Amino acid sequence: MAAVALLALTATTAGCKAQPANGSPATTSSPPKASAPATDDAKPAATASKPPVSPTPSATPKPAPQGKTLMATGSQGKQVRELQARLRQIGHFGRTPTGYYGTLTVAAVQSFQGKRGLSRTGRTDTLTWQKLLAMTRKPTAAELNPPTSRPVAKPDKRCLTGRVLCISKNSRTLSWMIDGHVVSTMDVRFGSQYTPTREGTFSIYWKSRHHVSTIYHTAMPYAMFFSGGQAVHYSADFAARGYSGASHGCVNVRDEGKIAALFDQVRTGDKVVIYW
């Protein structure tokens with residue numbers, strides 16, 4: 001009986017992994033390799049009266065150094081959030097700040113660098129940062145920590161009493177509610193059509209701050225399990241790629257600061273309502 005119980009627990013807490021929205025396994029693209037510099041293979045014609053003359057090397061202008069790298073892929077924290085908010089002010093970042101430096105942030109920085117005549121490295125170095133600071137203002141608290149990138153749905157009637165994680169698939173938002181009042185809201189992402197997130201009324205039965213999926217061996221920080229192996233948890237993939245991907249059934253949150261605060265407030269036994 002003990003072995004059976006152990007197998008059951010493993011099955012229910014296996015967790016899920018990010019995948020593309022079409023349901024196929026997610027792949028991580030490697031950064032493009034820099035192409036080899038052009039070379040000049042032309043040689044002057046030799047004559048009988050004059051020895052061959054060595055070609056004069058062509059002068060290839062080198063981009064000006066841009067200083068020390070401050071932030072790059074994988075960076076996270078308050079400075080990344082500020083970077084994203086400032087880029088959004090001038091139209092280079094089209095979503096709410098997440099505090100995670102992923103592929104969308106790399107593309108936004110490259111766009112900014114290209115407009116300013118800087119090397120399009122996608123990394124935020126000292127020169128890129130200084131130019132951005134000169135062109136933007138200090139972000140407000142609302143710009144740094146907006147509630148969600150989408151309008152929050154009207155709460156389902158099941159969310160109006162008690163302590164509830166009220167999750168709308170239609171608006172792709174999560175509202176943490178206590179006795180009918182919204183405490184916090186955040187963007188969420190769900191499973192694909194092949195691994196859908198279950199709908200209905202559930203309760204949090206287990207919390208695991210540093211959880212790692214036993215099936216996919218991927219990190220699921222701040223996991224709050226509500227139905228078998230499905231949980232609400234932070235997803236670095238969601239933070240990096242947005243809605244171009246999907247989970248294997250879990251409810252992904254892309255703002256680590258918000259999910260960390262939510263994890264501290266939610267208790268075992270709190271209700272979870274997932275609806276359209």
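Rules of the game
Residues numbered from 1 in each chain as written. Predicted model: local features only at pLDDT ≥ 70, side-chain atom pairs only at ≥ 80, totals over all residues. Heavy atoms only, no water. Helix = DSSP H or I, 4+ residues; strand = E, 2+ residues; numbered from the N terminus. Expected span 1.5 Å × (residues − 1). Contact = heavy atoms within 4.5 Å. Pairing = 2+ DSSP bridges. Buried < 20%, exposed > 50% of the residue type's maximum accessible area, 1.4 Å probe, protein only. Disulfide = S-S within 2.5 Å. 1 Å grid on protein atoms, 1.4 Å probe; cavity = no way out; pocket = protein on both sides within 12 Å on 5 of 7 lines; lining within 4 Å. Points joined across faces, edges and corners; volume = space filled by probe spheres on them. Nonpolar A, V, L, I, M, F, W, Y, C, P; charged D, E, K, R; others polar.

K.L.:
Report on helix H2 (residues 78-89), specifying residues and quantitative values.
P.N.:
With 12 residues, H2 extends 17 Å between its outermost C-alpha atoms, agreeing within 8% with the 16 Å of an ideal straight helix rising 1.5 Å per residue. Buried residues belonging to H2 abut strand E2 (69-71), helix H3 (103-115), strand E3 (124-125), helix H4 (126-135) and helix H5 (141-144). The first or second residue beyond H2 is Gly-91, which carries a positive phi of 80°.

K.L.:
Explain the pairing of strand E8 (residues 206-212) residue by residue, including any values.
P.N.:
In this structure, E8 lies alongside strand E9 (residues 219-227), joined through 6 bridges in antiparallel fashion. Within E9, the residue paired with Ser-208 across the bridge is Ala-223. Hairpin geometry of E8 and E9 is characterised by an intervening segment of 6 residues between the two adjacent antiparallel strands and by a positive phi of about 60° at His-217.

K.L.:
Explain the environment of Cys-250 residue by residue, including any values.
P.N.:
Structurally, the position occupied by Cys-250 is in the loop between strand E11 (245-246) and strand E12 (251-253). With a relative accessible area of 0%, Cys-250 lands in the buried category. As a C-alpha pair, Cys-250 and Met-224 span 26 residues in sequence and 9.8 Å in three-dimensional space.

K.L.:
Residues and numbers for the state of the cysteines, please.
P.N.:
A full pass over the atoms with the stated rule returns 1 disulfide. The disulfide bridge from Cys-159 ends at Cys-166, spanning 2.1 Å between sulfur atoms. Disulfide Cys-159-Cys-166: torsion about the S-S bond near 80°, hence right-handed. Judged by relative accessible area, Cys-159 falls into the buried class, the value being 0%.

K.L.:
Give a description of empty space enclosed by the protein that names residues and reports values.
P.N.:
A full pass over the atoms with the stated rule returns 1 cavity of 30 Å³ or more. Approximately 80 Å³ is the volume found for the largest cavity. As for the largest cavity, its lining consists of Arg-81, Thr-96, Pro-97, Thr-98, Pro-146, Pro-147, Thr-148, Met-186, Asp-187, Arg-254, Asp-255 and Lys-258. Looking at the lining of the largest cavity residue by residue, the classes come out as 4 nonpolar, 3 polar and 5 charged.

Treat this as a map of the structure, not an account of what it does.
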